[in-house]
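A closer look at the structure
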Amino acid sequence: MYYTISSYCIKNWANSIKNKLNEYSIVMDENQISTFSHNKWKNIVKKHVEIYAFKPLNTLSTKMTKTKNIIYQELKTKEYVTKLHPKIAREAFKIRLGMVNLRSNFKSKYKMNTLCQKCFREDETLNHLVTCHTDNSINCTDIYSDNIETIQSTTVIIAEALKVRDQRLVSRSLLIS
Ligand SMILES: [Zn+2]
């Protein structure tokens, strides 16, 4: 019984590692991996996870030549990219580069109508988004801080505000239709 369970677990574990290697495009077999030191292996995985986390943005960036250089600088030299959880780092990256769906970020997409669709009183900027859709009042320029914790807390609040706004838009469109 013990052997059945443990071999089953080992098989599962090995399979999940294999899946992860595929997911992160790490092309190596187990023999090769076994020759690496713990630290070397850790660094290889870390590098691939970073590439994986920012892959959708890299594809996007090739289409935006103007911001290509800024994107490169953000990914290569900014500490937050590697220190934060990949999901938060990716969100922070999008906010810092003005790539989140905000009317003031995409004026032509919204045909110059940048007004907040909740209060119709102010432009939908980051600061307005947060104060209009949540109880928080933060200075969203903190997203450009060099302090990792500040970037993280600012990112979480902005992401929450975006979520609340999107939920409002969806429920409103459901009411209308
Ligand atoms: Zn508003």
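In short, a report on the structure. (Residues numbered from 1 in each chain as written. Predicted model: local features only at pLDDT ≥ 70, side-chain atom pairs only at ≥ 80, totals over all residues.)

Summarising the element assignment, Cys132 is placed in helix H7 (residues 126–133). Separated by 13 residues in sequence, Cys132 and Cys119 place their C-alpha atoms 7.6 Å apart. (Helix = DSSP H or I, 4+ residues; strand = E, 2+ residues; numbered from the N terminus.)

Along the chain, the position of Cys119 falls in the loop between helix H6 (86–96) and H7. Taking the C-alpha atoms as reference points, Cys119 and His133, separated by 14 residues in sequence, lie 9.7 Å from one another.

Taken together, the buried positions of H6 are Ala89, Glu91, Ala92, Phe93, Lys94 and Ile95. Two residues or fewer after H6 comes Gly98, characterised by a positive phi angle close to 65°. (Buried ≥ 20, exposed ≤ 12 C-beta atoms within 10 Å, placed from the backbone.)

Another aspect to go through is unusual backbone geometry. Positive phi is not limited to glycine here, since Lys111 has a value of about 50°. By secondary structure assignment, the location of Lys111 is in the loop between H6 and H7. The residue Phe120 is not glycine, and still its phi comes out positive at about 55°. One can find Phe120 in the loop between H6 and H7. Here Phe120 falls in the exposed class, since 7 other C-beta atoms lie within 10 Å of it.

Core analysis: the biggest nonpolar cluster contains 15 residues, and Ala92, Leu126, Leu129, Val130, Ile158 and Ala161 have the highest contact counts within it. Mapped by element, the contributors of at least two residues to this core are H6, H7 and helix H8 (148–176). Here this core takes five residues from H8, the largest share from any one element. Other than its neighbours up to four places away in sequence, Leu129 contacts Leu102, Glu124, Ala161, Leu162 and Arg165. (Core = buried A, V, L, I, M, F, W, Y, C linked by C-beta atoms within 7 Å. Contact = placed C-beta atoms within 7 Å.)

Another aspect to go through is the environment of Thr141. The residue Thr141 is located in the loop between H7 and H8 in this model. Each C-alpha atom, one on Thr141 and one on Arg96, is 8.8 Å from the other, the two residues being 45 residues apart in sequence.

Interpretation note: all reported values are geometric properties and have no functional meaning in isolation.
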